[in-house]
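An overview of the molecular structure
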Amino acid sequence: MKREEKLLEESVQQYREMLAQINVVKRTVRKADFEEMHEISVEINKTQEKARTIENEFSSYVAQFPELKESILYKERMDLVGQILKVRELILPKCKGFLTINRKELSKIANGRVLMSGYHSNIQKKGRLIKVVK
């Protein structure tokens, strides 16, 4: 197998993996499971980095061998990229909405802490014991 064909197969595999991961994100967005969403986003970033490395090398082969664009794998690769972009367009606004909500909630918590840290009771702390009345 030639190097360009191997890279094409690896590229398709990375995009399949990425699409599967993005579909998991789509489900976690519906459930609002932020911890799982974070975990899968880390995995997606790793997959994207692998795909980027493969694509950098593969793009030079596409320029040298334009007939690669006629292969079934190349067409599948392009289809996967299109699906990833469509799903991304659907879930990105939802993810941004959740981030906005989380920022607002964190801001409220931070403001509450600041307000509570400024509160001091007038009771003097002298180390007295509580007396029990019988």
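Here, the structure is the one placed above.
This report concerns the structure included in the present document. (Residues numbered from 1 in each chain as written. Predicted model: local features only at pLDDT ≥ 70, side-chain atom pairs only at ≥ 80, totals over all residues. Heavy atoms only, no water.)

1. Remarks on the pattern of salt bridges
In total, this model carries six salt bridges according to the counting rule given. Where Lys46 meets Glu43, a salt bridge forms, and the shortest distance between an N and an O atom there is 3.7 Å. With Lys46 and Glu43 both in helix H2 (residues 34-64), this residue pair falls three residues apart, about one helical turn. Judged by relative accessible area, which is 47%, Lys46 ranks as partly exposed. Overall, Glu43 belongs to the partly exposed group, its relative accessible area being 35%. Two residues, Arg77 and Glu55, come together in a salt bridge whose shortest N-O distance is 2.4 Å. With a gap of 22 residues between them, Arg77 in helix H3 (residues 72-117) and Glu55 in helix H2 connect regions that are remote in the sequence. (Salt bridge = Lys/Arg side-chain N within 4 Å of Asp/Glu carboxyl O. Helix = DSSP H or I, 4+ residues; strand = E, 2+ residues; numbered from the N terminus. Buried < 20%, exposed > 50% of the residue type's maximum accessible area, 1.4 Å probe, protein only.)

2. Some points on the packing of aromatic side chains
For the coordinates displayed, the defined rule picks out two aromatic pairs. Taken together, a centroid distance of 6.3 Å and an interplanar angle of 35 degrees make the contact between Phe58 and Tyr74 tilted. Remark: Tyr74 occurs in helix H3 and Phe58 occurs in helix H2; sequence separation between them is 16 residues. Ring centres of Tyr61 and Phe65 lie 6.4 Å apart, and the angle between their planes is 15 degrees; on these two criteria the pair is classed as stacked. With a relative accessible area of 19%, Tyr61 lands in the buried category. On the basis of relative accessible area, Phe65 is assigned to the partly exposed category, the value being 28%. (Phe/Tyr/Trp six-rings, centres within 6.5 Å; stacked < 30°, edge-to-face > 60°.)

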